[in-house]
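Structural overview
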Amino acid sequence: MGKIDWKKPEDRERLWHSSSHVMAAAVKQLYPGTKLAIGPAIEEGFYYDFDVEKPFKPEDLEKIEKRVEEIIKSNERFEKSEVSKKEAMELFKGEPYKIELINELPGSKASIYTTGSFVDLCKGPHIESTLQIGAVKLLRVSGAYWRGSEKNKMLQRIYGISFPDKKQLKQWVHLREEAEKRNHLKLGKELDLFSMHAEAPGCVFIHAKGMVIWNALVGFWREEHRKAGYVEIKTPAILKKTLWEQSGHWDHYKENMYFTQIDGEDFAVKPMNCPGGILVYKTKRHSYKELPLRIAELGEVHRHELSGVLNGLFRVRKFTQDDAHIYCTEEQIEQEIGKVIELVDRFYKAFGFPYQVELSTRPLKAMGSRQVWDRAEDALKKALSKKKMQFKINEGDGAFYGPKIDFHIRDSLGRTWQCATIQLDFSMPEKFGLEYIGSDDKPKRPVMLHRVIYGSMERFLGILIEHYAGAFPLWLSPVQAAVIAISDKHNAYAEKVCREMDQAGIRAELDARNETVSYKVRDWQKQKANYILVVGDREKKQGTVNVRQRNGKVVGAVKVKKLAEKLLKEIESKK
RNA sequence: GCUCUCGUAGCUCAAUGGCAGAGCACGGGUUUUGUAAACCCGGGGUUGAGGGUUCAAAUCCCUCCGAGAGCUCCA
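Before going into details, it helps to say that this report is about the structure given with it. Keep in mind it's a predicted model, so treat the numbers as computed, not measured.

A short note on the overall build of chain A
Across its full length, chain A holds 18 helices and 28 strands. If one aligns the C-alpha atoms of chain A with their principal axes, the spans along those axes are about 85 × 75 × 55 Å. The long-range fraction of contacts in chain A, counting pairs at least 24 apart against all pairs at least 6 apart in sequence, stands at 70%. In the form shown here, chain A has an accessible surface area of approximately 29200 Å², with 50% of it arising from carbon and sulfur atoms. For chain A, the centre of its 97 positive side-chain charges and the centre of its 82 negative side-chain charges are spaced 4 Å apart.

Some details on the pairing of strand β14 (residues 265-269)
The pairing of strand β12 (residues 238-240) with β14 spans three bridges and is antiparallel. Residue pairing for β14: Lys-240 is matched across the bridge by Phe-267. Judged from the five bridges that link them, strand β13 (residues 258-262) and β14 form a sheet pairing that is antiparallel. Following the sheet pairing, Tyr-258 is matched in β14 by Val-269.

Digging into the protein's contact with RNA strand B
In the vicinity of RNA strand B lie 53 residues, with Ser-142, Arg-303, Asn-514, Glu-539 and Asn-546 positioned nearest. Taking the atoms of RNA strand B that fall within 4 Å of the protein, sugar and phosphate contribute 51% of them. Of all the secondary-structure elements, those providing two or more residues to the surface near RNA strand B are β7 (135-145), β8 (154-163), α6 (184-190), α16 (517-526), α17 (537-542) and β27 (544-549). Per-element tally for the surface near RNA strand B: the top contributor is α16, with six residues. Its residues assigned to classes, the surface near RNA strand B shows 22 nonpolar, 16 polar and 15 charged.

With respect to the pairing of strand β26 (residues 531-535)
Both faces of the sheet carry side chains from a regular strand, because those side chains alternate between them. Of all the five residues making up β26, five are buried; the element is thus mostly covered by neighbouring parts of the structure. Burial along β26 is two-sided: the face carrying Tyr-531, Leu-533 and Val-535 and the face carrying Ile-532 and Val-534 are both buried. As defined by bridge partners, strand β24 (residues 481-485) adjoins β26 across five bridges and the pair is classed as parallel. Within β26, the residue paired with Ala-481 across the bridge is Tyr-531.

Details of the sheet that holds strand β5 (residues 109-115)
An order of β4-β5-β6 is seen for the three strands of this open sheet, with the pairing classed as antiparallel. Of all strands in the sheet, those with a lone pairing partner are β4 (78-84) and β6 (118-121), marking the two edges. Mean inter-strand twist for the sheet, computed between neighbouring axes without regard to direction, equals 30°. Taken together, the four bridges between β5 and β6 define a ladder with antiparallel strand orientation. Directly across from Thr-115, in β6, lies its bridge partner Phe-118. In the packing of helix α1 (residues 9-30) onto the sheet, the strands contacted are β4, β5 and β6, and the crossing angle to β6 comes to about 125°.

Here we look at the packing of helix α7 (residues 208-227) against helix α11 (residues 333-351)
The N-to-C vectors of α7 and α11 enclose an angle of 145°; their axes lie 11 Å apart at closest approach. Where α7 crosses over α11, the two elements pack in a sense that is right-handed. Between α7, through Leu-217, Phe-220, Trp-221, Glu-224 and His-225, and α11, the contact on the second element is made entirely by Leu-343, Arg-346, Phe-347, Ala-350 and Phe-351. Looking at the contact of α7 with α11, its residues break down into seven nonpolar, one polar and two charged.

Parameters at a glance
- Residues numbered from 1 in each chain as written.
- Chains lettered and ligands numbered in written order.
- Predicted model: local features only at pLDDT ≥ 70, side-chain atom pairs only at ≥ 80, totals over all residues.
- Heavy atoms only, no water.
- Helix = DSSP H or I, 4+ residues; strand = E, 2+ residues; numbered from the N terminus.
- Contact = heavy atoms within 4.5 Å.
- Areas by Shrake-Rupley, 256 points an atom, 1.4 Å probe, with all protein chains shown as cover.
- Lys, Arg positive; Asp, Glu negative; His and termini not counted.
- Charge placed at Lys NZ, Arg CZ, Asp CG, Glu CD.
- Pairing = 2+ DSSP bridges.
- Near = heavy atom within 4 Å.
- Nonpolar A, V, L, I, M, F, W, Y, C, P; charged D, E, K, R; others polar.
- Buried < 20%, exposed > 50% of the residue type's maximum accessible area, 1.4 Å probe, protein only.
- Axes fitted to C-alpha atoms, helices over the stretch in contact; angles between N-to-C directions.
- Left-handed = near helix turned anticlockwise from the far one by under 90°.

Structure follows, in structure tokens:
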């Protein structure tokens, strides 16, 4: 019997796909009326979709898992055979989903796999025997639409994962528990960074400590944008319906917008910042000499997302975009894209995020001429190539008004997030009749570039919490130094140290509580303060603090001034 | 929006039809502390909301609200 090579993706796929068959077999044995849909291997594990009368309960999963284990032990072989479509139809009589699939098969044959008494329509490949599945765990059950369309019936999907041996399962479970410890909702509560309330579903309440991180992010953002030649504006949240009709949001985005009436007139809460920004652009005549105009806005937008898609800080209804709109000539597109790419790279390097780039091109229903699109796509490609960027092309995935570049960062849990995006827009300038005066004294239409880097401040904060597991680098950390007085005799000195650190520009917090040193050290360690400074008689006499690093290492006595200098350097380095 | 699961003190959780509890946190006191939890005492609840079944409901049923995991969606 061949060995499963865990490192080979194709072997994992064989194992998982086979496991899904075994699970389907178990379900069929336990619930004979069940209709089978499909059961593929996925990135991590497998699932099988079932059409059942009653949805599975968690207890059912245990039962199914037990039966799966029994089937595995019985050493069933995976046997492939080819039958005619007609035979297949006969074989899968009473399985409407399989019949639908058979009907769509090209040619006259169908490939089937038999495992014991279980038969499935399947191309394979599979493992040889169920004995090769060393350990299985069924993870969860959820609804899933047949063929992924909400118009179809909702089936019951069971997710699972399997391994060649039990030890690997144990490791995997352990890893998952570790990952769960960095869950941003949990850490957000423990570290007092933010909260969410039933009174405002999908909205975030950012606490004082969370705001420290937020402001550090904004500070970095402002500094980098200033250096990159941006100016910053602020536009209102509530704007008249007529503006949204003009921008096209009324037609295309109404479902996701919040509305209100004031003095008998309709208003909408902005879901995007561009129309407001455009009004600012239009307050005066612009010359070609001013272009490119880079106008940034930390814009708070509201989008009425479906209740089921809300997800902690990752998907919210009210969020802050680190938006910017660049108005430029067509000739300037390439250069401007290049500059945005550089900016994005600088940001992600600062946080240690690896990222991938995707380019989305002209969709079927596109606005503007093919030539303009070709030039625009060309400009995007050239800008990427010039930066020696590897990128994936998503044909036809662009917005209707222009092609776009997306940046996907990978977080510590291995999930990818689309954060930064650069979108070319020929549509808005048209709709709003934007102009600049060219060197020939004739009015011209500028191209508009929409871009974000963090994407959403709220989501980026969530990603950072998990990325760093709550242990923020010094420049972002809410409490950079906690000063612990050994007894209340030392409170005055501790307070002095705290003040000195504070005046040097370090976020220091005094802990003069009537508790033991151990208690306070433990507390600050849990709060992930970067440095814990213990002061008692010795330190008071020498004008020092006793430094303990976040990793638990006690460095020893350091003069207050020296420590402040060292920390400032560390903050400066953003490490 | 759809499917499943969940909602008990500020937090983490217990109580499975029969007196709503524990630890932490919080308040008061003792203690004056040297690097991951000192000790004693105390306050704290319309069990998410509303309705129903029952002699009796945190527990069973229905509706609503909220959350989590998925599905669908994602300018």
